[in-house]
Amino acid sequence: MRTLIIVTAVSIASFGGWGYWQSRENDDPQPAETGAAMVQVQLPELSQVALQGEALFRANCATCHGDVADGRVGLGPPLVHKIYEPSHHADGSFFLAAAQGVRSHHWPFGNMPPVDSVSQDEVGKIVVYVRALQRANGIY
């Protein structure tokens, strides 16, 4: 009788483990296609300056960083992300990135080249836009 109880317990545990493993495999997301958004972004109402920054961002940054700074798989990281919160990447880091480019250090996207097509004033408006998106998504 004791052997039957042990065999039954082992069978139940094994089946339960197999069921868990199967459900876990089915929940694993498929790799996203290159260019797909990396994060979901809640869109806030934007100030006039942030709207100007949005237009500049879409013209100069969105190809890699996504239309709403949500990143693009295989192309560029999301800027609406904790890594880019003001206490870790101050506004000045955006100015430097545009002027000098950035060596890859947080993400596996490779180096970011300088963005010669934007002026310092325009980068300032882009920063206002990105910070507005970040605040709307709980990144302070």
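Residues numbered from 1 in each chain as written. Predicted model: local features only at pLDDT ≥ 70, side-chain atom pairs only at ≥ 80, totals over all residues. Heavy atoms only, no water.

Moving on: the packing of aromatic side chains. Within the structure shown, the criterion is met by two aromatic pairs. For the pair Phe57 and Tyr129, a centre-to-centre distance of 5.5 Å together with 55° between the ring planes defines the contact as tilted. With Phe57 in helix H2 (residues 48–60) and Tyr129 in helix H5 (residues 120–136), this pair connects stretches of sequence that are 72 residues apart. You can call Phe57 buried: its relative accessible area is 0%. Relative to Phe109, the ring of Trp107 has its centre 6.1 Å away and its plane inclined at 40°; by these criteria the two rings are tilted. (Phe/Tyr/Trp six-rings, centres within 6.5 Å; stacked < 30°, edge-to-face > 60°. Helix = DSSP H or I, 4+ residues; strand = E, 2+ residues; numbered from the N terminus. Buried < 20%, exposed > 50% of the residue type's maximum accessible area, 1.4 Å probe, protein only.)

Below, the discussion takes up the environment of Ala99. Along the chain, the position of Ala99 falls in helix H4 (residues 91–100). For Ala99, a relative accessible area of 44% puts it in the partly exposed group. If sequence neighbours within four positions are ignored, Ala99 has contacts with Pro114 and Gln120. (Contact = heavy atoms within 4.5 Å.)

Here we take up the packing of H4 against H5. Contact geometry of H4 with H5 gives a least axis separation of 10 Å together with a crossing angle of 130°. Accordingly, the angle class assigned to the pair H4 and H5 is oblique. Here H4 and H5 pass one another in a crossing that is right-handed. Residues Asp91, Phe94, Phe95, Ala98 and Ala99 of H4 lie in contact with H5, whose contacting residues are Gln120, Val123, Gly124, Val127, Val130 and Arg131. Taken together, the residues of the contact of H4 with H5 sort by class into seven nonpolar, two polar and two charged. (Axes fitted to C-alpha atoms, helices over the stretch in contact; angles between N-to-C directions. Parallel < 35°, antiparallel > 145°, perpendicular 65-115°, else oblique. Left-handed = near helix turned anticlockwise from the far one by under 90°. Nonpolar A, V, L, I, M, F, W, Y, C, P; charged D, E, K, R; others polar.)

Taken as a whole and assessed by the stated rule, the structure comprises three salt bridges. For the salt bridge of Asp91 with Arg131, the shortest nitrogen-to-oxygen distance reads 2.8 Å. Note that Asp91 is positioned in helix H4 and Arg131 in helix H5, a separation of 40 residues in sequence. In this structure, Asp121 engages Lys125 in a salt bridge whose closest nitrogen and oxygen atoms are separated by 3.5 Å. Of this pair, Asp121 and Lys125 both sit in helix H5, four residues apart, which is roughly one turn of the helix. For Asp121, a relative accessible area of 51% corresponds to the exposed category. Residue Lys125 is classed as partly exposed on the basis of its relative accessible area, which comes to 22%. (Salt bridge = Lys/Arg side-chain N within 4 Å of Asp/Glu carboxyl O.)

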